[in-house]
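Chains, contacts and geometry: an overview
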Amino acid sequence: MAGVPLRAGLIGLGMMGRHHARVLTALDGVELVGVADVDGDPHGVARGCPLVRSVEQLIALGLDYCVVAVPTLLHEEIGVALAEAGVHALIEKPLAQDTAAARRLAEAFSARGLIGAVGHIERYNPALRSARARLEAGELGRVYQVTTRRQGPFPARISDVGVVMDLATHDIDLTAWVTQQPFVSVAARTSFRSGRAYEDLVAVTGQLVDGTVTNHLVNWLSPMKERIAILTGELGTFVADTLTADLTFYANGSVRVTRSDLAQFRGVSEGDMIRYAIAKPEPLRTEHEQFRDAVLGRSADLVTLEQGRATVTVAEAVIESASSGRTVELGGVDLAAVRRGPSEQSSARPAERRRDAMQERSAIAV
Ligand SMILES: NC(=O)c1ccc[n+]([C@@H]2O[C@H](COP(=O)([O-])OP(=O)(O)OC[C@H]3O[C@@H](n4cnc5c(N)ncnc54)[C@H](O)[C@@H]3O)[C@@H](O)[C@H]2O)c1
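For the structure given in this document, a descriptive report is provided here. As the structure is a prediction and not an experimental result, all values here were calculated from the model. (Residues numbered from 1 in each chain as written. Predicted model: local features only at pLDDT ≥ 70, side-chain atom pairs only at ≥ 80, totals over all residues.)

Looking at the overall build of the chain
Looking only at helices and strands, the chain has 11 helices and 15 strands in total. Within the span of the chain, comprising 366 residues, buried residues form 45% of the whole. For the chain, long-range pairs separated by at least 24 residues make up 70% of all intrachain contacts whose partners lie at least 6 apart in sequence. (Helix = DSSP H or I, 4+ residues; strand = E, 2+ residues; numbered from the N terminus. Buried ≥ 20, exposed ≤ 12 C-beta atoms within 10 Å, placed from the backbone. Contact = placed C-beta atoms within 7 Å.)

Side note on the pairing of strand E1 (residues 6–11)
With five of six residues buried, E1 lies mostly within the body of the structure. Pairing analysis gives six bridges linking E1 to strand E2 (residues 30–36), with the strands arranged parallel. Note that in E2 the partner of Leu-10 across the bridge is Val-35. In the classification by handedness, the crossover that spans E1, the intervening helix H1 (residues 17–25) and the parallel E2 is right-handed. In the sheet, E1 pairs with strand E4 (residues 65–68) via four bridges, with the strands oriented parallel. Bridge pairing links Leu-10 to Val-67 in E4. (Pairing = 2+ DSSP bridges. Right-handed = clockwise from strand over helix to strand, strands pointing away.)

Looking at the packing of helix H6 (residues 163–179) against helix H9 (residues 305–324)
Axis separation between H6 and H9 bottoms out at 9 Å; the angle between their running directions is 120 degrees. Of the possible angle classes, the one that applies to H6 and H9 is oblique. Crossing of H6 over H9 shows right-handed handedness. Residues Val-164, Met-165, Ala-168, Thr-169, Ile-172 and Asp-173 of H6 touch H9, and the partners they reach there are Thr-311, Val-312, Val-314, Ala-315, Val-318 and Ile-319. A breakdown of the residues in the contact of H6 with H9 according to their chemical character gives nine nonpolar, two polar and one charged. (Axes fitted to C-alpha atoms, helices over the stretch in contact; angles between N-to-C directions. Parallel < 35°, antiparallel > 145°, perpendicular 65-115°, else oblique. Left-handed = near helix turned anticlockwise from the far one by under 90°. Nonpolar A, V, L, I, M, F, W, Y, C, P; charged D, E, K, R; others polar.)

Considerations on the sheet that holds strand E8 (residues 183–191)
Read from one edge to the other, the open sheet built from nine strands follows the order E14-E13-E12-E11-E7-E10-E9-E8-E15, with strand pairing classed as mixed. In this open sheet, the two edge strands, each paired with only one partner strand, are strand E14 (270–275) and strand E15 (328–329). With seven bridges joining them, strand E9 (residues 201–208) and strand E10 (residues 213–219) adopt antiparallel strand pairing. Counterpart to Thr-205 in the pairing with E10 is Asn-215. The strands touched by H9 within the sheet are E8, E9 and E15, with E8 carrying the most contacts at an inclination of about 50 degrees.

Have a look at this one:
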């Protein structure tokens, strides 16, 4: 990449920060000019790059942008310091520990015309990017349900937030993004099994603005690691495994669309199964390339701070629901429209829309 490289910094050299350091060091058009951590360099990632202890010392090195990978409770303080110094920032997820802090962060960047983005890395996972493009192309028809499972063992290092803010925010963000539909309600239950102040297991049932039903199982209590998103729609099901970056499509059994089929559609049968051959660039690298391009003024696919704020707000509603035992509704959407059945939300009847989507699919079949 021609021209003067962008001067990037990184603060927080822990489990996530070390991966940012690796990617930043190899990123075309970017020079990693400084790294910072209060505890020095626990994973030995500085490799000759100037190492400092604070955000002020990092800013003093002269930065175009900075990656923030400190614990979530410190995102606001460090992000605002960067914004006040005129430095663009890619901030790890979740954007902040609560909506108020996330909003202050978003405002700090937007008020100064700076680029801020959130590291919701699942959006850069090849399996989910492919699913998103295929949904956009109508390959699933209307989406009925999004189910995610994110289960695994306990990460000793995360002690400032619970599993809802730390992990379920991945699922909240990817669900709203892949469907392009915001959440309108959540009902959740949590448990606290590991003796800490924060929940370590959550089960959520949600609803999106178009009526799509969602379900999310997220915990730190499973001795195996699972990252799955299952999208079910009119034409079948996509299963995205974001650990392997595989996307599989389970088609509904082929149905002859006759007048009587339209009148009597009752369910689906099993059809073909396709595991798509997709390119698998590293999601973190794609995330960094997009942020670099945004700083260079090019078009880029970012998770905006406002989107990061919206995800934190849904996560807060999940915690509130688990605490009160009630369904929590999120404001700002037409709830009456959501509560109508899918057939009433479109002038076309479901079977007609299904047939249209099947015809569309055969035209773009891979
Ligand atoms: N995108 C992802 O998939 C993903 C994965 C893991 C973590 N994260 C996020 O990354 C962030 C960091 O998580 P982690 O697992 O790397 O935590 P970690 O505890 O391993 O690392 C945090 C680092 O920040 C340093 N630090 C703390 N206070 C500091 C300060 N004031 N100034 C400079 N450095 C400071 C600590 O010394 C530590 O080295 C969290 O927000 C977390 O949610 C994201």
